[in-house]
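Structural overview
Each chain is listed here by its residues.
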Amino acid sequence: MGFEFSSVEGYVANHLRLFILSVVGLVILVGIIAVSVFFIAVQGEEQVMVPDVVGKELTEALLELQVKELYPRLQLRYSQTSRDKGYILEQEPRPGTIVKAGRRIRLVVSQGIIVNRVENFIGRNIDEVRIDLQTLYAASGGLSIFFIKEPIMYNYSPEIPGTILVQKPEPGTEISGLTNLEFVVSRGRENATITIPQISGLGLSKALEVISNTGISYLFTIQDRNEDEKGETVISQRPLADTTASLNTVVQLTVTTPEQMAETEVFGLFRYTIPQNPYPLAVRLEALLPSTERIRLFTVDYAGGVFTVPYKLPAGSILILSMLNRELYRETVGE
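Report follows, based on the coordinates. Counting of residues starts from 1 at the beginning of each chain's written sequence and follows it residue by residue. Since the coordinates come from a predicted model, pLDDT governs what is reported: local features require at least 70, and pairs of side-chain atoms require 80 or more to be given and counted, while whole-chain, interface and lining totals use all residues. Note: side-chain values were computed over all heavy atoms of the structure, leaving out hydrogens and water.

Let us look at the sheet that holds strand 12 (residues 234-238). One key point about sheets: their strands pair by backbone hydrogen bonds, in either a parallel or an antiparallel sense. Read across the sheet, three strands follow the order 11-14-12 without closing on themselves; strand pairing throughout is mixed. Looking at strand neighbours, the two that pair on one side only are strand 11 (217-223) and strand 12, the edges of this open sheet. Going from strand to strand, the sheet's axes swing by 20° on average, the running direction of each strand aside. In what follows, residue pairs with any heavy atoms lying within 4.5 Å of each other are defined as contacts. The axes are straight lines fitted to the C-alpha atoms, using for helices just the contacting stretch, and the angles between their N-to-C directions are given from 0 to 180°. Runs of H or I in DSSP of at least four residues are treated as helices and runs of E of at least two as strands, each being numbered from the N terminus. Those strands touched by helix 4 (residues 204-214) are strand 11, strand 12 and strand 14 (250-256), and its axis lies near 165° from that of strand 11. Should DSSP find at least two bridges between two strands, the strands are regarded as paired.

Our focus in this paragraph is the packing of aromatic side chains. Whether two aromatic rings pair depends on their centres lying within 6.5 Å, for rings of Phe, Tyr and Trp, where Trp uses its six-membered ring; planes under 30 degrees apart make the pair stacked, over 60 edge-to-face, and the rest tilted. The tally for this structure, following the rule as stated, stands at 11 aromatic pairs. Ring centres of Tyr-218 and Tyr-302 lie 5.8 Å apart, and the angle between their planes is 65°; on these two criteria the pair is classed as edge-to-face. Here Tyr-218 is found in strand 11, whereas its partner Tyr-302 is found in strand 17 (residues 294-302), with 84 residues between them in sequence. Like Tyr-302, Tyr-218 is buried. Ring-pair connections join several aromatic residues into one group, and the members of that group are Tyr-218, Phe-220, Phe-270, Tyr-272, Phe-298, Tyr-302, Phe-307 and Tyr-329. Arg-187 extends its terminal NZ or CZ atom over the ring of Tyr-156, reaching a point 5.4 Å from the ring centre. Each residue is placed in one exposure class: buried if its accessible area under a 1.4 Å probe, protein chains only, is under 20% of its type's maximum, exposed if it is over 50%, and partly exposed if it falls in between. For a ring to carry a charge above it, either NZ of a lysine or CZ of an arginine must fall within 6 Å of the ring centroid while also lying within 35 degrees of the normal to the ring plane.

So, on to the nonpolar core. Remark: nonpolar core denotes a set of buried residues (Ala, Val, Leu, Ile, Met, Phe, Trp, Tyr, Cys) joined through side-chain atoms within 4.5 Å. If you look at the biggest cluster of nonpolar residues, it comprises 48 residues, and the most contacted ones within it are Phe-183, Ile-211, Tyr-218, Phe-220 and Phe-307. Among the elements that line this core, the one with the most residues is helix 4, at five residues. Judged by nonpolar contacts, the second largest core, of 11 residues, contains Val-48, Ala-61, Ile-88 and Val-109.

Below, the structure written as structure tokens:
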């Protein structure tokens, strides 16, 4: 019996010792975890230096903050000049400050100037003014206060066609609400003349270049090429070169068909009637090829009327006519 009692006593002692060791180990493990958590909390996020973004465009400033893992808090403010619009005026904290990653940086962004006076538009091109006012309208979320009164008055003048001669309200007039701008615009010299350039004998691409540079009114027709004639060449013009004619004289041009063409190519004459304008406006003809490449065929200042351009393009190309960057018409070649 003495032997059995001592064995039980030893068994209990061993298990008690094992239990105590387990408890002590658990306490030590918990302590290690607690200390680790403490030091991690004390260390916090990585520290970074605040970059200098004052004077930079908002997009550029945001990219610099992103690299540093900093986040913007934006404020909008009007400034003294429209050139500041979209740029950073102030920041907080100051550049060079050491902060933790994830910190929010206050950025003051310029909204431009408060428009409270009519600016001076005299001497500017009416189309440029239209674009500026449209841009202002879009940037203000549809809250622009300037609108051009239609129809615009046009007078003959020595000034370049399209130049604003007179405006109402006058420059510097204070405004408090919606304002209609009335303009008198130059249509150029009355009875202005031009010397007709030499186009006959030129290849089609060179002829288009001359027309683009001189801004003459013109009309192309196509004629089948004779054996002794070059292809895609202007073979006649009326009036003849060096003739003095009124500025709106239409020069009749005849161009021959190509000598060679690929089976997939089409040669033709693009034709579209553009509404008459008081003065020539920028017109552009482009081609969207089946390969999705977009190429420019011809650009000219054109007052209106029948607009013609010969072309040689792959079948399926799309011709796109635009005026002042606004699409007027498109058609598919070879249909």
